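As a plain string of letters, each chain reads:
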Amino acid sequence: WRREFSRDAVKLTGDIKYYSWTSDRGTVLQRGFCPTCGNPIFVVPADPAFCVVYAPSLDDPTMYRPEDQRFARSAQPWDKFDQTIPCYERGPSSSG
């Protein structure tokens, strides 16, 4: 899962490689990943005031719990959703 943070609240250390891609909405986003192992670390959306951090890249991922599930439409058939939190086909602004 991922967690949104104010960009000022995130301290990144070490080497990070980036690549850009265009979202379903047509927005260009930057993904940061580890150049050694390829693990995703974070995403910087069009609004650079915040970033989306992948939980495994946090120093202590147990401090945060998922608040919702996004982009369920692209989930794999074997992926099970937590029925106790909201689930969105796309993002929170989408229906369902």
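Residues numbered from 1 in each chain as written. Predicted model: local features only at pLDDT ≥ 70, side-chain atom pairs only at ≥ 80, totals over all residues. Heavy atoms only, no water.

**Some remarks on the pairing of strand β4 (residues 40-44)**
Point 1. With four of its five residues buried, β4 lies for the most part within the structure.
Point 2. Alignment of strand β3 (residues 28-33) against β4, held across four bridges, turns out to be antiparallel. Across the sheet, residue Gln30 finds its bridge partner in β4, namely Val44.
Point 3. The antiparallel hairpin formed by β3 and β4 contains six residues in its connecting segment, where Gly38 sits at a positive phi of about 85°.
Point 4. Of the strand pairs in this sheet, β4 and strand β5 (residues 50-54) are connected by two bridges, and their pairing is antiparallel. Within β5, the position partnered with Val43 by the bridge is Val52.
Point 5. Hairpin remark: β4 followed by β5, antiparallel, with five residues in the connecting loop. (Buried < 20%, exposed > 50% of the residue type's maximum accessible area, 1.4 Å probe, protein only. Helix = DSSP H or I, 4+ residues; strand = E, 2+ residues; numbered from the N terminus. Pairing = 2+ DSSP bridges.)

**Considerations on the packing of aromatic side chains**
We describe a pair of aromatic rings using the distance from one ring centre to the other and the angle between the two ring planes.
Point 1. Scanning the entire structure with this criterion turns up three aromatic pairs.
Point 2. Centre to centre, the rings of Tyr18 and Phe42 are 5.9 Å apart; their planes meet at 80°, and the pair counts as edge-to-face. One end of the pair, Tyr18, is in strand β2 (residues 17-22); the other, Phe42, is in strand β4, and 24 residues separate them in sequence.
Point 3. Owing to a relative accessible area of 1%, Phe42 belongs among the buried residues under this scheme.
Point 4. Put simply, the rings of Tyr19, Trp21 and Phe33 pair up and form one aromatic cluster.
Point 5. For the cation-ring pair, Arg31 lies above Trp21, with the distance from its terminal atom to the ring centre recorded as 4.0 Å. (Phe/Tyr/Trp six-rings, centres within 6.5 Å; stacked < 30°, edge-to-face > 60°. Lys NZ or Arg CZ within 6 Å of the ring centre and 35° of its normal.)

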